[in-house]
Amino acid sequence: MSSVLIKNGKESRFGRWFTDEHGLPAFEYTCDQNLDPYASVFTTQGNSNLHWHQIGNDRITAIATNRGDINVIESSRGLQWLNYFEPDRLCPGAGIAAVIEKDSLSADIYREGDVARGYRRIFGAGYFRKIKNHNGIVTDNRLSAPFGNDPAILCEIKVRNESDRKRTIRLLVFFGVNLHFMIPAMIYATAGRKHYIPSATPGQGLLSLTGHIPLPLCFDAEAGRTSFAERFVFDAETGKPGLAVLTPRYTGSKRPARETPAKKNYYPYPLFLAALNSDDIITHTDVSEIVNGDGTLKIPEQRVRNNSAIRLACLCMEVEMTLGPGDSASRSFLFGCSEKSQINDIIEKYKSPESSGKDTALKQAAKWANATVSFSSEEMPASDAEWLPRETFWHSYYSRSAFLQEDIYNLHYVPQGGPYEFLHGFRGSIRDLALFAAGLIYFAPALTAELIEYCFRMMRRDGRLMYASMGCGLTTGAIVHEHPSDLQLFLLWALTDYVFFTRDFSILDRKFAFAGENHAGTTIRDGITLALKYLYDNIGLGPHGLIRAGDGDWSDGISLFVKNRGKFLKHGESAFNSAMALYVLPRTADLLESFDSAAASRARVFAADIKKAVLNCFNGKWFYRGYDGAGSPIGDKPLFLEHHTWLLISRILPDDAAAAVVKHIYEILDAPSKFGQYVLYPPQNPMLNTYIRGWDVNGGVWFAMNYLLSWGYGYYDREKAWASLAKNSMALKSQVDPNIWYGVWSGPDSFNADYAPRPGETYYLLPTPSTDFPVMNLNRHACHVAALMRLCGLEPRPDGAISNPLLPFTGFNLETPSFSLECKNGASTFIRKSC
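Thresholds applied
Residues numbered from 1 in each chain as written. Predicted model: local features only at pLDDT ≥ 70, side-chain atom pairs only at ≥ 80, totals over all residues. Heavy atoms only, no water. Phe/Tyr/Trp six-rings, centres within 6.5 Å; stacked < 30°, edge-to-face > 60°. Helix = DSSP H or I, 4+ residues; strand = E, 2+ residues; numbered from the N terminus. Buried < 20%, exposed > 50% of the residue type's maximum accessible area, 1.4 Å probe, protein only. Lys NZ or Arg CZ within 6 Å of the ring centre and 35° of its normal. Salt bridge = Lys/Arg side-chain N within 4 Å of Asp/Glu carboxyl O. Pairing = 2+ DSSP bridges. Axes fitted to C-alpha atoms, helices over the stretch in contact; angles between N-to-C directions. Parallel < 35°, antiparallel > 145°, perpendicular 65-115°, else oblique. Left-handed = near helix turned anticlockwise from the far one by under 90°. Contact = heavy atoms within 4.5 Å. Nonpolar A, V, L, I, M, F, W, Y, C, P; charged D, E, K, R; others polar. Patch = residues over 30% accessible without salt bridge, like charges linked within 9 Å, V, L, I, M, F, W, Y side chains within 5 Å. Areas by Shrake-Rupley, 256 points an atom, 1.4 Å probe, with all protein chains shown as cover.

## Description of the packing of aromatic side chains
Item 1. With the rule as written, the count across this model stands at 62 aromatic pairs.
Item 2. Measuring from centroid to centroid gives 6.0 Å for Y29 and W745, while their planes differ by 85 degrees, and the two rings are edge-to-face. In this pair, Y29 is assigned in strand 3 (residues 25-29) and W745 in the loop between helix 17 (730-736) and strand 36 (750-751), connecting sequence segments 716 residues apart. Across the pair, exposure class does not vary: Y29 and W745 are buried alike.
Item 3. Geometrically, the ring pair formed by F501 and F830 is edge-to-face, given 6.4 Å between the ring centres and 80 degrees between the ring planes. Of this pair, F501 sits in helix 8 (residues 487-502) while F830 sits in strand 39 (residues 827-832); the two residues are 329 residues apart in sequence, bridging distant segments of the chain.
Item 4. One residue, R16, lies across the ring of F18, its end atom 4.7 Å from the ring centre.
Item 5. In this structure, R758 is placed above the aromatic ring of F42, and the distance from its NZ or CZ to the ring centre is 3.9 Å.

See the structure below:
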């Protein structure tokens, strides 16, 4: 079966996978990051040993760090951190528990050597758990994002006296407050960034620089965000026992009206902290009472309370308790942000018997188990049976817990994540959101419908799709992506897959407002027509009959792989777009048939014309990647992967051409790579040496394309398809690159090839340092789910039928919230569920 041997998928240098007390996969992080040398890896701001995990629900996301704190982000009016870690502004993060006894304070954050002293950190599905011994008083602090749509973090702390004497302590619970709005940044430049332009050798690279650009040439993104945060003060309300509310108030001279789209959020929601099962609570909202100048916690000072215009604020509560030897006590708190009118309702929900008590964690675990994907097979090799079920659950958890909500659209969406979302402040692009929808459809269909509608909100009246959204209700082409040529195809793919699988044809009648407009007067049905018209008339075909490339197809950098970029932008052609169209357009025509037969016919004719042009691109071994706009083919000598995935998936190739493509992909891009597959080989010398050889789209390892390859392989060689899935696993990545933390439980969209400089790490470019936020990219997670679904036979058809599985064995069980699929001896039983 699989030729990929994964020796031990549970253990890594950073910790171990295990099954938690609720029966779900979890990762115990055991690295002592200040003492273990491999914990520190390259970033453009200098080496860093900061590692983190994602917890979230349908409204908020939080990073849980190896420091022991969390930072929460929400997107109701654009992306905004609520507890941005910034010691200079007296914010050491949030979710910190501390024990105060007499004149000493001990917090459950990491200190060098803590691991040897029993400090535990557990990254779980929806939670982050910390256990620390404070001189005989043990705190077990579980921070979770309650499953569902509440913008809140639940903090449940168990305190146990493991000493031999009675102890009277004060338990302190601290949530720092530091609003940090993600003002969009085209180039992510900061005062601390040291590396901008990668160079394998001195003198090579854009502008012949090897790294540093003087900051005055760039905008310091984080300084601008901090400057905006400094324009807010907080008015505190602490009159109600066990509840503290901070209302942000903008103090700048001007701000737009609340309903006006803007790059910044001038109207952030109030923040709150509530004690759920304690009455005798002392509350602190002025952070100077709690935090020292270096960002460490201190024993609270007693000051005259000032509840208005607090510049540096926090939400902190303390409660006294006396515990005899062996005694324990539990306290629960709820942190969140919401319209003030909704705060009490949210809190009461978690005070109710159904949402509180000793079995809260069990109930939350059950909800995550029922909201994710499970896969099992008695026919899998033992090595695959160890990692695949775990990673399938984990990838579906990470995908499902990434959802956020934008109130200006009243829609949920999933971000691409990584540096694009969390450093640049962009939400997109549509191609990525469509790739994620290909997996999310099967286990979060209602949210996926909102995601698709969100993408249509980025459409202009002429059918043009904007590259990404940003700020509060704005869209952007990010300057260099003003004319991408693939977005319409990706959106139509996501829509047809959704409709054919869910049978929810009513989505076609949903009305949306065009980008930059407020009136929702156009249906998605009409949006299909507009997208196709833009494809036919604005993007169009080039001299060789392929769809034009514009300033990029899936590959943002394809225009830099030619000699004359100007000619490419005008006349360049994309085999990627054309190959994808051969799969997407016939399916779109099937959808159109019931209400616009003329449009369906035109889509089929357009696809037929493209097919002839695509088949003419065969060089006897593989197919050209396109044409450079000056008459020459791209990809005659180097082999590009991305367009070949769609050629295999569309099944339009003659048998001899398909066999040649599979053979050369395997021999050149697949077999030589220790992990994943190269997206290109040999790498090229792009314009101005923008991309290092073996990095990014110049030969790196890309999950989006590799999972499409697993699907495409499945039609021609099921053993290769299964091996491809294993070759892109987190278990194998931990084995191949044991000293790189990202890749163990999450990762970026792309890793550097094993022959490249900094092999196995991720890339950095002038605008985008993926090295600085190398996890939580959904290409790593949602694409795994999509590939597995396809290999299990989930390829939605117009009639709703399920295709035949593409696995190298006949027996398996696949369970999601929306269906169950059991295959035994080649016979499939598919049962839909209501969800």
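## Side note on the pattern of salt bridges
Item 1. The final tally for this structure, using the stated rule, is 44 salt bridges.
Item 2. In this structure, the salt-bridge partner of R427 is E406, at a minimum N-O distance of 2.4 Å. Residue R427 is located in strand 25 (residues 426-428), and its partner E406 is located in strand 23 (residues 404-406); the two are separated by 21 residues in the primary sequence.
Item 3. In this structure, K727 and D670 form a salt bridge, with 3.1 Å as the shortest nitrogen-oxygen distance. Taken together, the residues span a long stretch of sequence, with K727 in helix 16 (residues 718-727) and D670 in helix 14 (residues 655-670) at a distance of 57 residues.
Item 4. Connected through salt bridges with shared partners, the residues R16, E28 and R120 form a single ionic network.

## Observations regarding the sheet that holds strand 21 (residues 328-337)
Item 1. With antiparallel pairing, the 11 strands of this open sheet are ordered in space as 1-2-3-10-11-12-13-21-18-17-16. Two strands close off the open sheet at either side, each with one partner strand: strand 1 (11-12) and strand 16 (232-237).
Item 2. Where strand 1 and strand 2 (residues 15-19) come together, 2 bridges link them in antiparallel fashion. Directly across from E11, in strand 2, lies its bridge partner R16.

## Things to note about the packing of helix 13 (residues 642-650) against helix 15 (residues 703-714)
Item 1. The contact between helix 13 and helix 15 brings their axes to 8 Å, and the two run at 30 degrees. Regarding the angle of helix 13 to helix 15, the classification is roughly parallel. As helix 13 packs across helix 15, the resulting crossing turns out to be left-handed. Counting all contacts with helix 13, which are made through E642, T645, W646, L648 and I649, the residues of helix 15 involved are M705, L708, L709, W711, G712 and Y713.
Item 2. Here the contact of helix 13 with helix 15 is built from residues that sort into 8 nonpolar, 2 polar and 1 charged.

## Observations regarding the packing of helix 8 against helix 9 (residues 524-539)
Item 1. Here helix 8 crosses helix 9 at 150 degrees, and the two axes come no closer than 10 Å. Classified by the angle between their axes, helix 8 and helix 9 sit roughly antiparallel to one another. Note that helix 8 runs across helix 9; the crossing there is left-handed. Residues Q488, L489, L492 and L495 of helix 8 touch helix 9, and the partners they reach there are I524, I528, A531, L532, Y534, L535 and I539.

## Examining unusual backbone geometry
Item 1. The amide bond that connects G428 to the next residue, S429, takes the cis arrangement and shows omega of -5 degrees.
Item 2. Backbone torsion omega between Y681 and P682 reads -10 degrees, so that peptide bond is classified as cis.
Item 3. Residue placement: P682 occurs in the loop between strand 34 (680-681) and strand 35 (701-702).
Item 4. For D696, which is not glycine, the phi torsion reads 50 degrees and is therefore positive.
Item 5. One can find D696 in the loop between strand 34 and strand 35.
Item 6. Residue D696 is classed as buried on the basis of its relative accessible area, which comes to 6%.
Item 7. Positive phi, close to 65 degrees, is recorded for M776, a residue that is not glycine.
Item 8. Topologically, M776 is positioned in the loop between strand 36 and helix 18 (782-791).
Item 9. Here M776 falls in the buried class, since its relative accessible area comes to 2%.

## Observations concerning the environment of A361
Item 1. Within the element layout of this structure, A361 appears in helix 3 (residues 360-371).
Item 2. On a C-alpha basis, the gap between A361 and S144 in space is 8.7 Å, while along the polypeptide they are 217 residues apart.

## Quick notes on the sheet that holds strand 31 (residues 626-627)
Hydrogen bonding along the main chain pairs the strands of a sheet, whether they run parallel or antiparallel.
Item 1. What the 3 strands build is an open sheet, ordered 30-31-32; its pairing is antiparallel. Looking at which strands have only one partner, the edges of the open sheet turn out to be strand 30 (573-574) and strand 32 (633-634).
Item 2. Of the strand pairs in this sheet, strand 30 and strand 31 are connected by 2 bridges, and their pairing is antiparallel. Along strand 31, the bridge assignment pairs S574 with G626.

## Let's talk about a nonpolar patch on the surface
Item 1. A cluster of nonpolar residues, M186, I187, I479 and V480, forms a patch on the protein surface that exposes about 340 Å² of accessible area.
Item 2. By secondary structure assignment, the location of M186 is in the loop between strand 15 (180-181) and helix 1 (221-229).

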